[in-house]
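# Secondary and tertiary structure notes
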There are 2 protein chains.
Amino acid sequence: MKLTTKGRYAVMALADLANFNKANPVPLRDISFRQGISLFYLEQIFLKLKKHNIVRSIRGSGGGYILFKNADELKLSEIFFAVDEKVKTINCNKDSKKGCNGKLSKCITHNLWDELDLHINSFFENKKLSELTKTQNKKL
Amino acid sequence: MKLTTKGRYAVMALADLANFNKANPVPLRDISFRQGISLFYLEQIFLKLKKHNIVRSIRGSGGGYILFKNADELKLSEIFFAVDEKVKTINCNKDSKKGCNGKLSKCITHNLWDELDLHINSFFENKKLSELTKTQNKKL
DNA sequence: TATATACCCGAGTAAAATAGTCAAGATTAA
DNA sequence: TTAATCTTGACTATTTTACTCGGGTATATA
């Protein structure tokens, strides 16, 4: 059970962005360099972030990305959703609409996984991007 | 972010086992049939469960598996650990012992993932196998 | 003792997911 | 006009997952 790099990099990159977002747009090149993430891969990720209105882009020389809303209004759940990092611990209900594993009834553990999903999602729902940059700033 | 089938099947199989564990050992063949899990795969899983003293085996005709301890004493975290379903949301610290991504310092988000791991693990720590079988019994 | 029923265990493999790369473009500031 | 930067879709290598398989060993019971 682990996150994909997409979810992880998205959060890292946005935290970086929030730190340098004071006045000017931040180019991916900079984020790539500072965070050690492939530029190509970042492009892919930011495309999704843009589509979901997490960031706004400015093209051309001197361009880059800026946050669409303030870091203290941006929930991690929004970020994960944008890059398809969905918390869905299992995949019952694949074949039939009613039950799990092709059977008619729910599997014994079905409710458990639902609870787990809720438990994990609550973590992301209650966490704002600003909480990361704050701890970062304290250290500096 | 999702569980592997190993962790999921392990919990399903043990919940099934707990339901039929009254007097006699339960053969994997039965669990395989009832839960719709491949027998070969179950063998692999139960080998691990046995090594970690989650279950005890009785060989030969009339044999099978029984729970090593009572279902209300068995934490889900023990089960997941036994089948290598480790909750480790990311893998910082792979190269160097000090930092993440080959850098010297921790990455911005490092503490976040630690928190997340703790959050998820607490769910499994506080959940007993008996809590699954109970809801099952209510329905019957 | 023969036989069927089970567990035991290591090795192998197909499919899916992940992680990342690449090429060819479109905009725009300087 | 040129360099910087975002835009987009397609492609690929690697890793992980989810099994499968074969050839055992132990034991109850007929």
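Residues numbered from 1 in each chain as written. Chains lettered and ligands numbered in written order. Predicted model: local features only at pLDDT ≥ 70, side-chain atom pairs only at ≥ 80, totals over all residues. Heavy atoms only, no water.

## So, unusual backbone geometry
- Positive phi, close to 60 degrees, is recorded for Asn53(A), a residue that is not glycine.
- Along the polypeptide, Asn53(A) turns up in the loop between helix H3 (39-51) and strand E1 (55-58).
- Positive phi is not limited to glycine here, since Asp84(B) has a value of about 65 degrees.
- Tracing the sequence through the fold places Asp84(B) in the loop between helix H4 (76-82) and helix H5 (110-125).
- By relative accessible area, Asp84(B) is classed as partly exposed at 46%. (Helix = DSSP H or I, 4+ residues; strand = E, 2+ residues; numbered from the N terminus. Buried < 20%, exposed > 50% of the residue type's maximum accessible area, 1.4 Å probe, protein only.)

## Let's talk about the environment of Phe123(A)
- Position of Phe123(A) relative to the elements: it lies in helix H5 (residues 110-125).
- Setting aside its immediate chain neighbours within four residues, Phe123(A) contacts Leu112(B), Glu115(B), Leu116(B) and His119(B). (Contact = heavy atoms within 4.5 Å.)

## Observations regarding the protein's contact with DNA strand D
- The full set close to DNA strand D counts 27 residues, and Lys50(A), Tyr65(A), Ser38(B), Gln44(B) and Arg59(B) are the nearest of them.
- Of everything in DNA strand D that lies within 4 Å of the protein, sugar and phosphate atoms constitute 69%.
- Tyr65(A) has a polar side-chain atom sitting 2.8 Å from a phosphate oxygen of DNA strand D.
- Every element with two or more residues in the surface near DNA strand D is listed here: helix H2 (28-35), H3, E1 and strand E2 (64-67) of chain A together with helix H1 (5-19) and helix H3 (39-51) of chain B.
- Tallying contributions element by element places H3(A) first for the surface near DNA strand D, with four residues. (Near = heavy atom within 4 Å. Polar contact = N/O pair within 3.5 Å; in protein donor to acceptor, adjacent residues only side chain to side chain.)

## Section: the pairing of E2(A)
- Burial of the side chains of E2(A) extends over both faces: Gly64(A) and Ile66(A) are buried on one face and Tyr65(A) and Leu67(A) on the other.
- Taking the residues that link successive antiparallel strands as the turn, the E1(A)-E2(A) hairpin has five residues, and the phi of Gly60(A) there is positive, at about 80 degrees. (Pairing = 2+ DSSP bridges.)

## So, the interface of chain B and chain A
- Contact with chain B, which involves 41 residues of that partner, is made by 41 residues of chain A.
- Three residues stand out in chain B for area buried against chain A, namely Met1(B), Arg8(B) and Ile108(B), and they jointly supply 22% of the buried area on that side.
- Our enumeration of links across chain B and chain A arrives at two salt bridges.
- The salt bridge involving Lys127(B) is made with Glu115(A); its shortest N-O contact spans 2.5 Å.
- The tally of links between chain B and chain A comes to six residue pairs in polar contact (both at pLDDT 80 or more).
- Of all the elements in the fold, those that place two or more residues in the side of chain B that touches chain A are H1, helix H2 (28-35), H4, H5 and helix H6 (130-139) of chain B.
- The element contributing the most residues to the side of chain B that touches chain A is H5(B), with 10 residues. (Buried area = accessible area lost by both parts, 1.4 Å probe. Salt bridge = Lys/Arg side-chain N within 4 Å of Asp/Glu carboxyl O.)

## A few points about the relation of the copies chain B and chain A
- Between chain B and chain A, the superposition needs a rotation of 180 degrees and an axial shift of 0.0 Å, giving an RMSD of 0.0 Å. These values place the two chain copies in the arrangement generated by a two-fold rotation axis.
- A symmetric contact is evident, with 100% of the interface residues of chain B recurring at the interface of chain A. (Least-squares fit on C-alpha atoms with pLDDT ≥ 70 in both.)

## Section: H5(A)
All names here are of chain A.
- For H5, spanning 16 residues, the distance from its first C-alpha to its last is 23 Å, which sits close to the expected 22 Å at 1.5 Å a residue.
- Buried within H5 we find His110, Leu112, Trp113, Leu116, Asp117, Ile120, Phe123 and Phe124. The buried residues of H5 occupy an angular sector of 160 degrees when the element is viewed end-on, so they sit on one face. (Expected span 1.5 Å × (residues − 1). Arc of directions from axis to C-beta.)

On their own, these measurements won't tell you what the molecule is for.
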